[in-house]
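# A structural walkthrough
Letter by letter, the chains look like this.
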Amino acid sequence: MMFFSQGIDIVENKRIENLLIKYDEKFKKKILSNDEILDINSIKSYKKRIQKISSRFAAKEATSKALGTGLRFGLYFKDIEIFYSNIGVPSLLINEKCIKKILPEHYRKVNFNLTISNEKNFTVALVTIISRQSI
């Protein structure tokens, strides 16, 4: 038996910008890990910062959809961490405690594939989950 699932999310970048204007650090701390906040704060360009926060937001929403739970049943934004390789390829990590809560035991060895696309007004993320081994 193999596990395969996908989740997709699209975010209007202006919405994220408005949330940042209104809540700033409170918003960042709700959806981003400490490492993600450090990464965001190191970006000089305001537009690029908004884009990276939108990217992470969409990726986390898409991940929750691929898991089939949404952001409930013990899954929170901070349990999903989005990071980028030195050439800009996005990847994600999910808190191991969350994986154990959400996925049945025989589906816990999975690969998460993430792709993100940014445009002027929107950001879209697609997450695919595939089991590493069939049972």
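Now for a quick tour of the structure.

Counted under the stated rule, the structure contains six salt bridges. The shortest N-O distance in the salt bridge between Glu36 and Lys60 comes to 2.8 Å. Taken together, the residues span a long stretch of sequence, with Glu36 in helix H3 (residues 34-41) and Lys60 in helix H4 (residues 46-67) at a distance of 24 residues. Judged by its relative accessible area of 1%, Glu36 is buried. Residue Lys60 is classed as buried on the basis of its relative accessible area of 1%. For the salt bridge of Arg56 with Asp39, the shortest nitrogen-to-oxygen distance reads 3.0 Å. Linking Arg56 in helix H4 with Asp39 in helix H3, this pair joins segments that are 17 residues apart in sequence. Judged by relative accessible area, which is 31%, Asp39 ranks as partly exposed.

Of the strand pairs in this sheet, strand E2 (residues 80-84) and strand E3 (residues 90-94) are connected by five bridges, and their pairing is antiparallel. Pairing of Phe83 across the sheet is with Ser91, part of E3. Once E2 ends, the chain turns through five residues before running back antiparallel as E3, passing Gly88 with a positive phi of about 90 degrees.

Turning next to the environment of Leu19. For Leu19, the position within the fold is in helix H1 (residues 13-23). Given a relative accessible area of 23%, Leu19 falls into the partly exposed group. Measuring from C-alpha to C-alpha, the distance between Leu19 and Leu126 comes to 23 Å, with 107 residues separating the pair along the chain. The contact partners of Leu19, leaving out residues within four places of it in the chain, are Asp24 and Phe27.

Where H3 contacts H4, the axes come no closer than 9 Å and their chain directions differ by 155 degrees. One finds that H3 runs roughly antiparallel with respect to H4. Facing Glu36, Asp39 and Ile40 of H3, the residues of H4 in contact are Arg49, Lys52, Ile53, Arg56 and Lys60. Its residues assigned to classes, the contact of H3 with H4 comprises two nonpolar, no polar and six charged.

The next point concerns the packing of H1 against H4. At a minimum axis separation of 9 Å, H1 and H4 run at an interaxial angle of 105 degrees. Taken together, the axes of H1 and H4 are roughly perpendicular relative to one another. In contact with Asn13, Arg15, Ile16, Glu17, Leu20 and Ile21 of H1, H4 contributes Tyr46, Ile50, Ile53, Ser54 and Phe57.

This part takes up H1. Helical geometry: 3.6 residues make up each α-helical turn, so side chains three or four residues apart lie on a common side. Asn13, Ile16, Glu17 and Leu20 are the residues of H1 that are buried. Viewed along the axis of H1, the buried residues span an arc of 100 degrees, placing them on a single side of the element. Looking at the buried side of H1, the elements it contacts are strand E1 (4-12), helix H2 (25-31), H4 and strand E5 (122-131). At the exit of H1 stands Asp24, carrying a positive phi of roughly 40 degrees.

The rules we used
Residues numbered from 1 in each chain as written. Predicted model: local features only at pLDDT ≥ 70, side-chain atom pairs only at ≥ 80, totals over all residues. Heavy atoms only, no water. Salt bridge = Lys/Arg side-chain N within 4 Å of Asp/Glu carboxyl O. Helix = DSSP H or I, 4+ residues; strand = E, 2+ residues; numbered from the N terminus. Buried < 20%, exposed > 50% of the residue type's maximum accessible area, 1.4 Å probe, protein only. Pairing = 2+ DSSP bridges. Contact = heavy atoms within 4.5 Å. Axes fitted to C-alpha atoms, helices over the stretch in contact; angles between N-to-C directions. Parallel < 35°, antiparallel > 145°, perpendicular 65-115°, else oblique. Nonpolar A, V, L, I, M, F, W, Y, C, P; charged D, E, K, R; others polar. Arc of directions from axis to C-beta.

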